[in-house]
Protein chains: 4
Amino acid sequence: MRQSDENKKIAIGKAAIQLINSVGFDGASISKIAKVANVSPATIYTYFENKEDMLLKLYVMVKKELAIALLQGLDESLDIKKGIHLMFESLIAYSEKNIESFAFKEQFANCPLVANVCEDEELRAVIEPLKSFIEKGKRQNILKEVSIEYIGAYLFHPISTLIKRKYAHQEKLTEEEKNLMFAMGWDAIRK
Amino acid sequence: MRQSDENKKIAIGKAAIQLINSVGFDGASISKIAKVANVSPATIYTYFENKEDMLLKLYVMVKKELAIALLQGLDESLDIKKGIHLMFESLIAYSEKNIESFAFKEQFANCPLVANVCEDEELRAVIEPLKSFIEKGKRQNILKEVSIEYIGAYLFHPISTLIKRKYAHQEKLTEEEKNLMFAMGWDAIRK
Amino acid sequence: MRQSDENKKIAIGKAAIQLINSVGFDGASISKIAKVANVSPATIYTYFENKEDMLLKLYVMVKKELAIALLQGLDESLDIKKGIHLMFESLIAYSEKNIESFAFKEQFANCPLVANVCEDEELRAVIEPLKSFIEKGKRQNILKEVSIEYIGAYLFHPISTLIKRKYAHQEKLTEEEKNLMFAMGWDAIRK
Amino acid sequence: MRQSDENKKIAIGKAAIQLINSVGFDGASISKIAKVANVSPATIYTYFENKEDMLLKLYVMVKKELAIALLQGLDESLDIKKGIHLMFESLIAYSEKNIESFAFKEQFANCPLVANVCEDEELRAVIEPLKSFIEKGKRQNILKEVSIEYIGAYLFHPISTLIKRKYAHQEKLTEEEKNLMFAMGWDAIRK
DNA sequence: CATGAATGAGTCTTCATTCAT
DNA sequence: GATGAATGAAGACTCATTCAT
């Protein structure tokens, strides 16, 4: 029996992300993805149940990857502002190393299709340390009394949007922009 | 009696926005839109060059409408924080009165198709008062030295996202949420 | 506005029946039918909702046509055996003039897809005279006390099967075969 | 423990017949059959040359099985009418014990694909006793001078159709129906 | 012998758009 | 100006079959 080829699955995922970034989910047809991934359209269906399933699986994968990158080096003992800043920089670093994945994630962040993905068990577990770090900040009276969604909305979302916009013009963030955005985000969430 | 021309155009626009909100741009086919608007598919082409043109025109229209609503009552003589707060409340008020248009605008805010729409001449003009109000705030040393995009990113974007999410669950903003978000946004942009 | 073209619908129906006869329902793909009918595949969908709807509509049409042919000349005052023989001959005559339609009907006579077609209102009405003729035969103590389905099963079904088989070999019924089959059918149903 | 080869072939045949009965020949895809039979799609090709070959082999198999059942107990010395009746009852008995096989056979009785199967050598041999029994009936001047096909058409076909129809509604034949149909069939073929 | 992976060809259907009236 | 008919191209997906193990 022929062996399942993990490389093939990766190639398909990469092709899909690339195409979805450039022409959108509906524009990225199965046959186009197949062509880019250098497989037959039918082959895609041996790795994913259908197009929507593919999107979902890729989204969860990228989201998990990003979460892990974000939390790299985060330590309960870290000073709150320093920890927050670390994550802020990690986000930027990740986006620069994985710009395609990053753009892909951004595109679907607010898509109804993936709305309930957050309830993915594994993903929840990965995010746990972030949550407790924030909680600590609130207990120390350093951060405002807000749920984690708000942290995302003011700390991560604006910078993500900017990165995405720069990417569209094939530009990169300047040091100045990073500093400004961190300052604004920090002011928004700190007490 | 056959409806007059302008009514027909409005009916098409409304149908398109409704459908795009519920099934996405690609899901909202010309013939479906035509059916909802009670016209022939061919008729749509007497009002718009093609589907993409339709999206663009509707987007600009809504964006302008929103900009006008936002600036309603804004006066150069107004205290900076009060002016900012006024716009913040106007945004919410608009979204509650025009939830379909609002959701439509949000859906395409980050779509490459409409990326260059900001350069629409008329739109630029409408936004002018906002710009000069912000400039005043900076001159008065009340606001941070940031371009207008950042104001949007911290003051309008997070609340818009929340409204959209609430809308998806058919909920509404609470007074508490509004206050919190204004506080965070204001802290982000003020000096 | 372009006029609906009845010829086109007929061409599609004819092509469909022809193809279904020679390669079966599943073998007769929409695109093959379109090619034979000399229209675009999409055009078929302006005349029929979908493939199944097409089959059903064609089946009802043919069935009605056949029923009308069968009852041609049937008169309540006719002698029972003569009336039965008239229908028997009409069936053969119809099959010889409309062999494609006839074969098509036969193919689907027992197909679950069209099982409930008999309940088609119009069809029911068309068949009414046949029913009352049979009833008369039973009242006159000439025919066995059986429901109309049995009449079909012994009088019409065997001859239809034979016609179909002959058609497959491009042959025709002989006078002898006709006589024999009428005799057998008549003996089966008469008292 | 892996099932033995012959079991596997039987499992495939059973799965195929089942599926073909419920979704038709084209609806019963090789991979679906494989799933039901609990084998790999490729395995099916070690037992059958291709899908059509599978249908044919299964059809001949069932047909032979039925023929054997039909002739069980038939004896040259038997009274003609009794012998005919015996076969009639055997047909019913077989159909009730092997409803899936029976329905399968019926479905393809008139399919062009299997048209020439009757010329299968073995099958011919099995049917021989039936033929000579009929010949005897003709010689005794009890049966009409008709070929064996006509016996089938009037004696076996109508009852088969009724069984099939009942099966579709998950009903069974009543004693009354059996008697009536035998009477009609017998009247049709007897002199 | 048995298998799951792989695939090109094909399925039905819908699409944005144009044509003829 | 307005329309329904018409269409070639494309959509997601499944198929019978073969291949490599």
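Residues numbered from 1 in each chain as written. Chains lettered and ligands numbered in written order. Predicted model: local features only at pLDDT ≥ 70, side-chain atom pairs only at ≥ 80, totals over all residues. Heavy atoms only, no water.

Asker: Sorry if this is basic, but what is going on with the overall build of chain A here?
Answerer: Looking only at helices and strands, chain A features nine helices and zero strands. Each helix and strand of chain A, ordered N terminal to C terminal, gives the series α-α-α-α-α-α-α-α-α. The principal-axis extent of the C-alpha atoms belonging to chain A is close to 60 × 35 × 30 Å. Burial status across chain A gives 47% buried among its 191 residues. (Helix = DSSP H or I, 4+ residues; strand = E, 2+ residues; numbered from the N terminus. Buried < 20%, exposed > 50% of the residue type's maximum accessible area, 1.4 Å probe, protein only.)

Asker: Before we go on, may I ask you to explain the relation of the copies chain C and chain D in this structure?
Answerer: Both copies of the chain are related through a single rotation about an axis accompanied by a shift along the same axis. At an RMSD of 0.3 Å, chain C and chain D line up after a rotation of 179° and a shift of 0.1 Å along the axis. Seen this way, the second copy is the image of the first under a two-fold rotation axis. Considering only C-alpha atoms, the part of chain C nearest the rotation axis is Ala188 of chain C, at 2.2 Å. Most of the interface of chain C is mirrored in chain D, where 96% of its interface residues are also at the interface. (Least-squares fit on C-alpha atoms with pLDDT ≥ 70 in both. Contact = heavy atoms within 4.5 Å.)

Asker: Explain the packing of helix H1 (residues 6-27) of chain A against helix H2 (residues 30-37) of chain A to me, please; I cannot follow it from the model alone.
Answerer: Two measures define how a pair of helices packs: the angle their axes make with one another and the distance between the axes. Residue and element names in this part refer to chain A. As a packed pair, H1 and H2 sit with axes 8 Å apart at the nearest point and diverge in direction by 140°. One element, H1, and the other, H2, form an angle in the oblique class. For the pair H1 and H2, the sense of crossing is right-handed. Where H1 abuts H2, its residues Ala11, Ile12, Ala15, Ala16, Gln18, Leu19 and Gly27 lie against Lys32, Ile33, Val36 and Ala37. Taken together, the residues that form the contact of H1 with H2 break down as eight nonpolar, two polar and one charged. (Axes fitted to C-alpha atoms, helices over the stretch in contact; angles between N-to-C directions. Parallel < 35°, antiparallel > 145°, perpendicular 65-115°, else oblique. Left-handed = near helix turned anticlockwise from the far one by under 90°. Nonpolar A, V, L, I, M, F, W, Y, C, P; charged D, E, K, R; others polar.)

Asker: Please clarify how the interface of chain C and chain D should be interpreted in this entry.
Answerer: Taken together, the contacts link 24 residues of chain C with 23 residues of chain D. In total, chain C and chain D occlude about 2000 Å² of area from one another, counting both sides; carbon and sulfur atoms represent 64% of this. For chain C, the biggest contributors to the area lost against chain D are Tyr150, Tyr154 and Met184 of chain C; these three give 34% of the whole. Where chain C meets chain D, there are two salt bridges. (Buried area = accessible area lost by both parts, 1.4 Å probe. Salt bridge = Lys/Arg side-chain N within 4 Å of Asp/Glu carboxyl O.)

Asker: Help me out: how do you make sense of the packing of aromatic side chains in this one?
Answerer: Working definition: an aromatic ring pair is given by the centre-to-centre distance plus the angle between the planes. Summed over the entire model, instances satisfying the criterion amount to 16 aromatic pairs over all chains. Ring pairs connect the aromatic residues Phe25, Phe104 and Phe108 of chain A, which therefore count as one cluster. Here Lys51 of chain B stacks its cationic end above the ring of Phe25 of chain B, 4.5 Å away from the centre of that ring. (Phe/Tyr/Trp six-rings, centres within 6.5 Å; stacked < 30°, edge-to-face > 60°. Lys NZ or Arg CZ within 6 Å of the ring centre and 35° of its normal.)

Asker: In this structure, what is going on with the domain arrangement of chain A? I would like to understand it.
Answerer: When the parts of a complex come together, some accessible area is lost, and that lost area is often used as the size of the interface. All names here are of chain A. Considered domain by domain, chain A is made up of domain 1 (1-48) and domain 2 (58-189). Listed per partner, the contact involves eight residues of domain 1 and nine residues of domain 2. Taken together, both faces of the contact between domain 1 and domain 2 bury some 730 Å²; the carbon and sulfur share is 71%. Summed over the shared surface of domain 1 and domain 2, the result is zero salt bridges. Counting the contacts that link domain 1 with domain 2 gives three residue pairs in polar contact (both at pLDDT 80 or more). Tallied by class, the residues present in the side of domain 1 that touches domain 2 amount to four nonpolar, four polar and no charged. (Domains from an automatic or database assignment. Polar contact = N/O pair within 3.5 Å; in protein donor to acceptor, adjacent residues only side chain to side chain.)

Asker: Looking at this structure, how should I read the interface of chain A and chain B?
Answerer: Counting residues at the interface gives 23 residues for chain A, matched by 24 residues for chain B. Together chain A and chain B conceal approximately 2000 Å² of surface at their shared face, both sides included; 64% is due to carbon and sulfur atoms. Considering only the side of chain A, the residues that lose the most area to chain B are Tyr150, Tyr154 and Met184 of chain A, jointly responsible for 34% of the buried surface there. Applying the counting criterion to the chain A and chain B interface returns two salt bridges.

Asker: Looking at this structure, I do not really get helix H7 (residues 121-139) of chain C. What am I missing?
Answerer: Each turn of an α-helix holds 3.6 residues, which means side chains three or four residues apart point in the same direction. All names here are of chain C. Over its 19 residues, H7 runs 27 Å from end to end, which matches the ideal 27 Å to within 8%, given 1.5 Å per residue. Where H7 bends most, the angle comes to about 40°, and this point is Ile127, followed within four residues by the proline Pro129. Taken together, the buried positions of H7 are Leu123, Val126, Leu130, Phe133, Ile134, Lys136, Gly137 and Lys138. If you follow the buried residues of H7, they end up packed against helix H4 (51-71), helix H5 (80-97) and helix H8 (148-168). Where H7 ends, the next residue or the one after it, Asn141, has phi of about 65°, a positive value. (Expected span 1.5 Å × (residues − 1). Bend = angle between axes of the 7 residues up to and from the residue.)

Asker: Explain the relation of the copies chain A and chain B to me, please; I cannot follow it from the model alone.
Answerer: Overlaying chain A with chain B gives an RMSD of 0.3 Å, the required rotation being 179° about an axis along which the chain moves by 0.2 Å. Taken as a fraction of all interface residues of chain A, those also at the interface in chain B reach 96%, which identifies the copy contact as same-surface.

Asker: I'm lost on the arrangement of the chains in this one. Help?
Answerer: With no contact formed, the shortest span from any C-alpha in chain A to any C-alpha in chain C equals 20 Å. Over all C-alpha pairs, chain B and chain D never come within contact, reaching a minimum spacing of 29 Å.

Asker: Hey, could you run me through helix H4 (residues 51-71) of chain D in this one?
Answerer: Residues and elements named next belong to chain D. The end-to-end C-alpha distance of H4, which contains 21 residues, comes to 30 Å, matching closely the 30 Å that a straight helix rising 1.5 Å per residue would cover. Those residues of H4 lying buried are Asp53, Met54, Leu55, Leu58, Tyr59, Val60, Val62, Lys64, Leu66, Ala67, Leu70 and Leu71. A positive backbone phi angle near 85° is found at Gly73, which sits one or two residues after H4.

Asker: How should unusual backbone geometry be read in this particular structure?
Answerer: Comment: phi is negative for the bulk of residues other than glycine, and the bulk of peptide bonds are trans. Here Asn141 of chain B, not a glycine, exhibits a phi torsion of approximately 65°, which is positive. Note on placement: Asn141 of chain B falls in the loop between helix H7 (121-139) and helix H8 (148-168).

Asker: What is the right way to read the side chain of Asn21 of chain D from this model?
Answerer: All names here are of chain D. Secondary-structure assignment places Asn21 in helix H1 (residues 5-27). Polar side-chain contacts of Asn21 include one of 2.6 Å to the side chain of Glu100. For Asn21, the side chain forms a polar contact with the main-chain nitrogen of Phe104, separated by 3.1 Å. Sequence-distant contacts of Asn21, defined by excluding residues within four places in its chain, comprise Glu100, Ala103, Phe104 and Gln107.

Asker: Is there a simple way to explain the pattern of salt bridges in this structure?
Answerer: Think of it this way: side chains of opposite charge can pair up when their charged atoms draw near. Residues and elements named next belong to chain A. On inspection of all chains with the given rule, the structure shows 37 salt bridges over all chains. Taking the shortest distance from any N to any O, the salt bridge between Lys105 and Glu106 comes out at 3.2 Å. Grouping residues by exposure puts Lys105 and Glu106 together as buried. Put simply, Lys105, Glu106 and Lys164 are held in one network by salt bridges that share partners.

Asker: Would you mind showing me how to read the environment of Ser147 of chain D here?
Answerer: All names here are of chain D. The topology assignment puts Ser147 in the loop between helix H7 (121-139) and helix H8 (148-168). Separated by 132 residues in sequence, Ser147 and Ala15 have C-alpha atoms that sit 36 Å apart. Separated by 3.1 Å, the side chains of Ser147 and Glu149 make a polar contact.

Asker: Looking at this structure, I do not really get the environment of Lys81 of chain C. What am I missing?
Answerer: All names here are of chain C. Within the fold, Lys81 resides in helix H5. For Lys81, a relative accessible area of 38% gives the class partly exposed. Along the chain, Lys81 and Arg190 lie 109 residues apart, while their C-alpha atoms are 8.9 Å from each other. Contact partners of Lys81, with chain neighbours within four places excluded, come to Phe182 and Trp186.

Asker: What am I meant to see in the confidence of the model for chain A here?
Answerer: Fine structural detail should not be taken from predicted coordinates in areas where pLDDT scores are low. Summary statistics for chain A give a mean pLDDT of 91 and a share of 94% for residues scoring 70 or more. Of all secondary-structure elements in chain A, the lowest mean pLDDT belongs to helix H7 (residues 121-139) of chain A, at 89, while helix H9 (residues 175-189) of chain A reaches the highest, 97. (pLDDT = per-residue confidence, 0-100.)

Asker: How do you make sense of the environment of Pro158 of chain C when you look at a structure like this?
Answerer: Looking at where Pro158 of chain C falls in the secondary structure, it is placed in helix H8. Given the relative accessible area of 4%, Pro158 of chain C is considered buried. For the pair Pro158 of chain C and Ile12 of chain C, spaced 146 residues apart in the sequence, the C-alpha separation amounts to 30 Å. Once you skip the residues sitting within four places of it in the chain, Pro158 of chain C turns out to touch Gly152, Ala153 and Met181 of chain C together with Ala153 and Tyr154 of chain D.

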